[in-house]
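Structural features, examined
For reference, the chains in residue letters:
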Amino acid sequence: MPFRWTPELSALDITPEEWFRQRRRLMKGAAMAGAGAMLGLTPLAAMSGESSEDTQTPFEKATSYNNFYELGSNKENPAANASKLVISPWNVVIDGAVARPEKLSLEELLKSHPVEERVYRLRCVEGWSMVIPWLGFPLAELLKRFEPLGSAKYVAFETIHDPQRLPGQARNVLEWPYREGLRLDEAMHPLTLIATGMYGRPLPNQNGAPLRLLVPWKYGFKSIKSIVRITLAEQQPVTSWNLLAPEEYGFYANVNPQVPHPRWDQGSERRIGEFLRRTTLMFNGYEKQVAGLYTGMNLSKYY
Ligand code: MTE
């Protein structure tokens, strides 16, 4: 790694999971022996924010306990309805306050952005969390290509809108399409990733194929799945959950154990696959890397 893949790769070309797991064990072993730097592994490990307490969530769990309301509102619906999301052909529009707006095909995008692997913790506002080895590339690399204008202050994202096929979009659980947004500096942060795969394979549909956002220091709902549009904006964009229940879901949605939620405990969380709850860390444990983005802000007001 880094390596590239294209949709033409067959299943045989894809990293077998066991190989991938072994590699992770090797990396951990090497880091413990202090040999990480020699192997060139240190920057990757540092970027992933992986701590020695992090055990990866089993693939089966991460792909069968999902939130993807377009594919249904229960945790098991997205896996059961995964085939209803058609990802070929797929295009992404990048527009708004950019010098070079464009419609990119998925193939083009994958060709020009080699992926690397990053292990991220993802915490849902409902109080559960997972640790997942993702494959992706920094969103900053994609945005730079289209030359954001000086007036761009935010980035808005949109998921595919296809009510004929996507069962969840036939109902008004949320205002469709699913929308999310970031401040431009959050979007340009090196931890912010566009994921195209997980566990050494292309993203399963229920996890947001073919492209999803990952912002590991924010609650899971910011990590919008199956993206078709990215718009650079001057004003703070509208976001789906904030629109539905503004007192529960803010625009920032930083993981913050000090800001309570009316229905779920934000002070602790249950790792999927584990029994005991563990303490939720400020910014989901990525405080060192991201706290500087919010210097001087009242995070109880801007939750
Ligand atoms: N993206 C879209 N388009 N639709 C959704 O319903 N759910 C969000 C987020 N991205 C959602 C979405 C929520 S609430 C969470 S917690 C994460 O996806 C869950 O990601 P996972 O199923 O891969 O764990």
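Note: the structure precedes this text.
Residues numbered from 1 in each chain as written. Predicted model: local features only at pLDDT ≥ 70, side-chain atom pairs only at ≥ 80, totals over all residues. Heavy atoms only, no water.

In the vicinity of the ligand there are 15 residues, among which Asn-66, Tyr-69, Glu-70, Arg-212 and Lys-225 approach most closely. At a separation of 2.7 Å, an oxygen atom of the ligand approaches a polar backbone atom of Tyr-69. Here Glu-70 contributes a side-chain N or O atom positioned 2.8 Å from a nitrogen atom of the ligand. Burial of the ligand by the surrounding chains reaches 99%, relative to a free accessible area of 530 Å². Under a 2 Å grid-point criterion requiring more than half of the atoms, the pocket assigned to the ligand is the largest pocket. Here the shell around the ligand is built from residues that sort into 6 nonpolar, 6 polar and 3 charged. (Near = heavy atom within 4 Å. Polar contact = N/O pair within 3.5 Å; in protein donor to acceptor, adjacent residues only side chain to side chain. Areas by Shrake-Rupley, 256 points an atom, 1.4 Å probe, with all protein chains shown as cover. 1 Å grid on protein atoms, 1.4 Å probe; cavity = no way out; pocket = protein on both sides within 12 Å on 5 of 7 lines; lining within 4 Å. Sits in = over half its atoms within 2 Å of the grid points. Nonpolar A, V, L, I, M, F, W, Y, C, P; charged D, E, K, R; others polar.)

Now for empty space enclosed by the protein. For the structure shown, the criterion picks out 1 cavity of 30 Å³ or more. When its volume is computed, the largest cavity comes out at roughly 30 Å³. Residue lining of the largest cavity: Val-92, Leu-109, Phe-137, Leu-142, Ile-194, Leu-211, Ile-227 and Ile-230, and that is the complete set. Looking at the lining of the largest cavity residue by residue, the classes come out as 8 nonpolar, no polar and no charged. (Points joined across faces, edges and corners; volume = space filled by probe spheres on them.)

Attention now moves to the nonpolar core. Counting residues in hydrophobic clusters, the biggest one holds 78 residues, and the most contacted among them are Leu-139, Phe-157, Leu-213, Trp-217 and Ile-230. With 6 residues, the top contributor of residues to this core is strand E4 (residues 128-138). When neighbours within four sequence positions are excluded, Phe-157 is seen to be in contact with Leu-139, Tyr-178, Arg-179, Glu-180, Gly-181, Leu-182, Leu-213, Ile-224, Ile-227, Arg-229 and Ile-230. (Core = buried A, V, L, I, M, F, W, Y, C linked by side-chain atoms within 4.5 Å. Buried < 20%, exposed > 50% of the residue type's maximum accessible area, 1.4 Å probe, protein only. Helix = DSSP H or I, 4+ residues; strand = E, 2+ residues; numbered from the N terminus. Contact = heavy atoms within 4.5 Å.)

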